[in-house]
Amino acid sequence: MKFDFSSVLPPAATELAHSWDHLYWFLFIVCVVFFAVVMVPLAIFIFKYRKKPGRKTDPIAHNTPLEIVWTAIPTVIVMIIFAWGWLVWRDMVDRVPENAMEVHVVAESWAWTFQYSDGRIEKNRLVVPVDTPVKLKMTSKMGDVLHSFYVPNFRVKKDLVPGLYTQVFFTSTKVGRNIFFCTEYCGLGHSAMWGEVVVLSKPDYQMWQYGKDVPLPEWIGVGGLAERMKAGEASGLKEKSLFASVSAESAENMKDRGKILFRKMGCVACHSNDGSTSIGPSMKNLYGSERLLAGGESQIADDNYIRQSIENPQSKLSKGYEDKLMPPYPGHLSELELNALVAYIKSLQ
Amino acid sequence: MEHSSPAGTTYLNYPKGLWSWVVTLDHKRIGIMYLFSVLFFFFVGGVAAILMRMELFKPELVYGSPGQIFKDAGAYNRALTYHGVIMVFLVIIPMIPAAIGNFVLPLQLGAKDVAFPRMNLASYYLYLTGAVLAVLTMFLGGVDTGWTFYTPYSVDRATNATLMLTAAFIIGFSSIFTGLNFIATIHKLRAPGQSWDRLPLFVWSIYATSIIQVLATPVLGLTLGLVAFERIVGVGIFNPAMGGDPILFQHFFWFYSHPAVYIMILPAMGVINDVIPVFSRKPIFGYKAMAAAIFGIALVSFVVWGHHMFVSGQTSLAGFIFSLITMFVAIPTGVKVFSWVATLYKGSIHFDAPMLYAFGFLFVFVIGGLTGVVLATMALDIHLHDTYYVVAHFHYVMVGGTLFAFMAGLHYWFPKMFGKLYNEAAAKLSCFLIFIGFNLTFMPQFIAGQLGMPRRYFNYKPEFTIYNEISTIGSFCVGLGFFMALCYLVYALFYGKKANSNPWRSLTLEWEAASPPPLENFRTDPVVTHGPYDYVGEKV
């Protein structure tokens with residue numbers, strides 16, 4: 001799809017992006033109206049009441065009905081704006097689709113690593129099928145800085161924080177390539193740290209998953225011009241196909257890898273995976289359950305809970321296990337290994 | 001403290017000598033020193049901006065090609081950091097309160113000086129010390145964290161940040177002392193007859209600003225102090241590798257920095273409140289509502305900081321609360337804007353430079369304010385956060401708002417400060433250039449931002465080129481306008497026509513003092529017998 005310079009928003013490549021656009025245009029109209037409501041009288045008064053010899057001024061300094069109106073109407077309007085903004089946010093952020101395909105994202109200075117559940121690893125490029133909900137579990141490498149994942153065509157953005165999982169989701173309805181940017185300042189490579197979300201048709205995606213090369217789809221919006229300009233300059237090979245990537249690390253899928261790590265890292269010494277009692281709590285049915293912590297408060301065991309329990313167990317001691325000292329594991333596991341462990345534990349339902 | 005300076009002298013020439021300025025306790029001299037310092041740093045920060053805009057004229061340039069100003073992204077990142085730090089801490093925050101407020105406030109109250117003159121001088125030297133330290137970092141390798149110092153970058157990756165953080169810490173005290181001083185002055189040093197309902201709205205705005213300065217700035221000092229502490233000692237407050245929380249820094253930082261932007265805009269609104277009545281020969285519309293709105297804005301400003309953090313990893317519930325409360329800031333702001341326009345109704349409008357800047361303020365501040373509502377809308381911020389849309393928004397309110405109002409105030413009070421009149425035609429031309437240039441610079445940035453161009457980008461995708469080109473051309477227009485202003489104002493200092501005590505026929509108290517005032521401000525103690533805007537049934 002050609003980039004249309006006459007439009008002032010990126011092409012909307014998801015349903016929620018269209019939803020966003022409707023809200024945006026509502027705000028735009030409100031802004032234009034209020035701008036006119038101020039500027040038109042301003043212009044009229046400047047002209048009509050410009051200094052003229054002999055003109056007497058009228059020291060009107062109050063008009064209670066007017067003041068009430070210009071307080072009440074903006075109040076109502078901003079409440080509508082807030083409410084609509086909240087509803088679209090809820091759809092874009094809180095209402096995660098069921099059965100969304102999960103991909104882990106790890107940012108570092110200055111590259112992105114995408115880890116698919118089948119174990120496949122890709123750098124700077126996220127490949128997903130069209131019309132499929134995709135959920136990204138994102139973090140920045142421990143020891144690195146803040147980054148932010150931003151796909152303009154999807155109207156999607158979230159910061160990546162070391163030590164924490166953040167999440168975005170989207171369902172793209174258009175086959176094509178969508179640029180993504182890092183949009184939290186991170187030093188020298190901040191503006192070079194861009195990548196692409198490649199949305200393939202479902203048949204093409206299947207082919208790519210099973211190791212076959214498929215043709216690269218066209219850019220949607222930003223990216224296309226850059227590429228055409230580069231093509232004009234470089235005489236080198238122009239990337240025409242999406243080469244299927246199989247890296248040595250992806251030999252097993254994430255859950256299997258997590259299972260190996262569960263044994264290799266010694267977790268199995270204190271935690272069972274089948275519900276049986278051991279020194280520490282069992283991992284079976286842990287994910288999504290309500291955990292009663294030593295301090296008395298309770299927490300739902302989500303991805304962040306599991307991750308923090310591994311990295312800093314003292315912060316998440318369960319009631320009844322206060323004297324069982326789990327050694328912390330910060331720095332022993334890479335981000336990708338941590339993601340695999342979490343995926344394995346989640347699967348023990 | 002002299003009580004009676006020799007007849008025919010002004011604060012400018014009595015007491016005599018450079019040393020008398022260095023150790024002065026006179027609020028007017030301190031105000032002037034602030035004025036010159038702020039303007040100096042404004043030009044330094046402006047040079048950084050022009051260099052940045054030159055770099056951004058073309059996308060993805062290779063070093064050595066025409067237009068490539070900076071050797072690499074590191075140099076660009078340092079430029080953007082200094083542009084931000086200098087403009088925020090050394091220019092826009094002190095600009096109206098310290099440079100204009102110091103001079104005007106005691107005069108408007110009918111006082112001889114502020115409540116604590118020594119603290120006032122200390123405030124200036126703290127500012128200067130911090131400013132020198134901040135600029136010194138430039139020569140030690142530079143800082144590249146951005147003016148927001150986000151962690152972990154500012155702890156782990158930044159060079160020379162500790163010195164810069166210390167500089168900001170010191171400057172914070174300058175701000176706190178000024179605020180304390182002004183609150184005490186407003187309460188205790190009003191002339192007889194200067195009741196609360198006869199205070200110029202400039203005074204009310206300075207009062208509200210001072211409260212924010214006193215309450216919010218310590219939080220910034222402590223926060224930056226914690227970052228410096230973490231850098232030096234290695235505790236893990238913000239560092240996740242040691243169990244710390246980088247988002248906690250953002251909460252602490254924005255708890256100050258959001259109210260800080262109201263430190264920037266409230267005095268600006270105060271200036272506009274004083275200028276519009278004078279040049280339309282009418283009382284301000286809705287005096288009480290205007291004063292209440294100032295305090296409403298100040299109060300609400302403390303509980304909205306999370307609207308800078310919608311996509312940082314804070315919860316949706318937090319976002320909900322911050323977005324809702326942020327919307328409430330729009331209401332008193334709207335009341336003020338409508339009231340300013342209503343003040344013009346059936347007035348007699350004069351088109352002197354201060355009023356032209358006030359009109360310019362209305363145009364650009366409304367755009368800035370409305371786009372603030374857009375950004376406060378939770379869902380919209382997802383797409384717009386950290387893009388050039390935000391850059392455009394805050395330049396519209398900070399430059400369009402505060403800087404335009406400062407120019408209005410500077411042109412309004414110039415005759416009082418220096419006893420001279422500037423060339424009105426030159427002032428009008430330069431105002432026009434600045435206004436046109438400003439809009440050319442920042443309007444395209446809204447579009448670039450909503451099309452997806454992130455901020456703090458050294459290189460950008462070619463699709464964003466046209467917006468950057470227009471923006472760069474606009475920035476040169478602005479630079480030209482300010483350069484012109486520098487020229488005719490300096491010329492006026494030396495060769496301008498002499499001004500009488502009240503060239504604008506204003507009713508506020510400072511205009512009863514001579515232009516420029518003598519050291520003790522008023523030769524006979526003033527008594528206030530009317531309100532600040534009692535323009536009744538005027539002819540022309």
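The structure presented is a predicted model; accordingly, all values stated were derived computationally and were not measured. (Residues numbered from 1 in each chain as written. Chains lettered and ligands numbered in written order. Predicted model: local features only at pLDDT ≥ 70, side-chain atom pairs only at ≥ 80, totals over all residues.)

Chemist: Which parts of the structure should I look at to understand the overall build of chain B?
Modeler: When helices and strands are counted, chain B shows 15 helices and two strands. For 540 residues, the compact-globule estimate of 2.2 N^0.38 gives 24 Å, and the C-alpha radius of gyration of chain B, at 23 Å, lies within 12% of that figure. The principal-axis extents of the C-alpha atoms in chain B amount to approximately 65 × 50 × 50 Å. Per-residue burial over chain B gives 62% buried out of 540 residues. Residue pairs at least 24 apart in sequence account for 84% of intrachain contacts in chain B once pairs closer than 6 positions are excluded. (Helix = DSSP H or I, 4+ residues; strand = E, 2+ residues; numbered from the N terminus. Rg over C-alpha atoms; globule rule 2.2 N^0.38 Å. Buried ≥ 20, exposed ≤ 12 C-beta atoms within 10 Å, placed from the backbone. Contact = placed C-beta atoms within 7 Å.)

Chemist: What is the right way to look at the sheet that holds strand E8 (residues 166-171) of chain A in this model?
Modeler: Strand pairing in a sheet takes place through backbone hydrogen bonds and is either antiparallel or parallel in direction. All names here are of chain A. Across the sheet, which stays open at both edges, the five strands sit in the order E3-E2-E1-E5-E8 with mixed pairing between neighbours. Two strands lie at the open edges of the sheet, namely strand E3 (121-123) and E8, each paired on one side alone. Going across the sheet, the axis of each strand differs from the next one's by a mean of 25°, ignoring polarity. Pairing between strand E2 (residues 111-116) and E3: three bridges, direction antiparallel. The residue of E3 that forms the bridge with Thr-113 is Lys-123. (Pairing = 2+ DSSP bridges. Axes fitted to C-alpha atoms, helices over the stretch in contact; angles between N-to-C directions.)

Chemist: Please clarify how the nonpolar core should be interpreted in this entry.
Modeler: Met-264, Ile-272, Val-275, Ile-294, Ala-358, Phe-361 and Ala-408 of chain B are the most contacted members of the largest nonpolar core, which totals 257 residues. Ranked by residues supplied to this core, first place goes to helix H3 (residues 73-109) of chain B with 24 residues. Counting contributing residues, this core receives three or more from each of domain 1 (15-94) and domain 2 (101-250) of chain A. Phe-361 of chain B has contacts with Ile-272, Gly-401, Phe-404, Ala-405 and Ala-408 of chain B, leaving out every residue within four places of it along the chain. In terms of nonpolar packing, the next biggest core, distinct from the first, is built from 14 residues, Tyr-305, Val-342, Ala-343 and Ile-345 of chain A among them. (Core = buried A, V, L, I, M, F, W, Y, C linked by C-beta atoms within 7 Å. Domains from an automatic or database assignment.)

Chemist: Quick question: what am I supposed to make of the sheet that holds strand E6 (residues 147-151) of chain A here?
Modeler: Residues and elements named next belong to chain A. What the five strands build is an open sheet, ordered E4-E10-E9-E6-E7; its pairing is mixed. Only two strands of the sheet have a single neighbouring strand rather than two, namely strand E4 (125-129) and strand E7 (156-160). Ignoring strand direction, the axes of neighbouring strands in this sheet form an average angle of 20°. The pairing of strand E9 (residues 176-182) with strand E10 (residues 195-200) spans five bridges and is classified as antiparallel. Bridging from a neighbouring strand, Gly-176 pairs with Val-199 of E10.

Chemist: Can you help me understand the confidence of the model for chain A in this one?
Modeler: Counting all residues, the mean pLDDT for chain A is 87, and 91% of those residues have values of 70 or more. Of the regions scoring below 50 in pLDDT, residues 1-5 of chain A engages in nine contacts with residues more than four places distant in sequence or in other chains. (pLDDT = per-residue confidence, 0-100.)

Chemist: Whenever I open this one, the domain arrangement of chain A confuses me. Can you help?
Modeler: Many structure descriptions define interface size as the accessible area lost when the parts assemble. Residues and elements named next belong to chain A. Partitioning chain A into domains gives domain 1 (15-94), domain 2 (101-250) and domain 3 (254-347). The gap between the C-alpha centroids of domain 1 and domain 2 is 40 Å. Across the contact, four residues belong to domain 1 and five residues belong to domain 2.

Chemist: Mind showing me how you'd approach the interface of chain A and chain B here?
Modeler: The partner chain B presents 79 residues to the 79 residues of chain A that form the contact. Listing elements by their share of the side of chain A that touches chain B, those giving two or more residues are helix H1 (15-48), helix H2 (64-94), E6, E7 and helix H4 (224-233) of chain A. Here the side of chain A that touches chain B takes 16 residues from H2 of chain A, the largest share from any one element. Grouping the constituent residues of the side of chain A that touches chain B by class yields 51 nonpolar, 16 polar and 12 charged. (Nonpolar A, V, L, I, M, F, W, Y, C, P; charged D, E, K, R; others polar.)

Chemist: Looking at this model, I keep getting lost on the environment of Tyr-207 of chain B. Mind explaining?
Modeler: Residue and element names in this part refer to chain B. Relative to the helices and strands, Tyr-207 resides in helix H7 (residues 201-233). Accessibility expressed as a C-beta count within 10 Å gives 23 for Tyr-207, which makes it buried. When the C-alpha atoms of Tyr-207 and Phe-182 are compared, they prove to be 6.8 Å apart, with 25 residues separating the residues in sequence. In contact with Tyr-207, other than residues within four places in its own chain, are Phe-182, Ile-183 and Ile-186.

Chemist: Before we go on, may I ask you to explain H2 of chain A in this structure?
Modeler: The first and last C-alpha atoms of H2 of chain A sit 43 Å apart over 31 residues, in line with the 45 Å expected at 1.5 Å per residue. Structurally, H2 of chain A contributes buried residues whose contacts are with H1 of chain A together with helix H10 (316-344), helix H11 (353-376) and helix H12 (378-384) of chain B. (Expected span 1.5 Å × (residues − 1).)

Chemist: I tried to follow the packing of H7 of chain B against helix H9 (residues 287-300) of chain B on my own but got confused; where do I start?
Modeler: All names here are of chain B. As a packed pair, H7 and H9 sit with axes 10 Å apart at the nearest point and diverge in direction by 15°. Compared by their axis directions, H7 and H9 come out roughly parallel. At the point where H7 passes H9, the crossing takes the right-handed sense. On H9, the residues that touch Leu-201, Trp-204, Ser-205, Ala-208, Ile-211 and Ile-212 of H7 are Met-290, Ala-291, Ile-294, Phe-295 and Ala-298. (Parallel < 35°, antiparallel > 145°, perpendicular 65-115°, else oblique. Left-handed = near helix turned anticlockwise from the far one by under 90°.)

Chemist: Explain the confidence of the model for chain B to me, please; I cannot follow it from the model alone.
Modeler: It should be kept in mind that the predicted coordinates are not to be read in detail where pLDDT is low. Taken over all residues, the pLDDT of chain B has a mean of 95, while the share at 70 or more is 97%. The ipTM assigned to the predicted complex is 0.95, against a pTM of 0.91.

Chemist: Explain H3 of chain B here, please?
Modeler: All names here are of chain B. Counted at 1.5 Å a residue, the expected span for H3 with its 37 residues is 54 Å, and the 51 Å between its end C-alpha atoms agrees. At Met-95, H3 is deflected by roughly 70°, the largest bend along its length, and proline Pro-97 occurs up to four residues later in sequence. The buried count for H3 comes to 34 of 37 residues, which makes it a mostly enclosed element. Just beyond H3, the residue with positive phi is Gly-110, at close to 80°. (Bend = angle between axes of the 7 residues up to and from the residue.)

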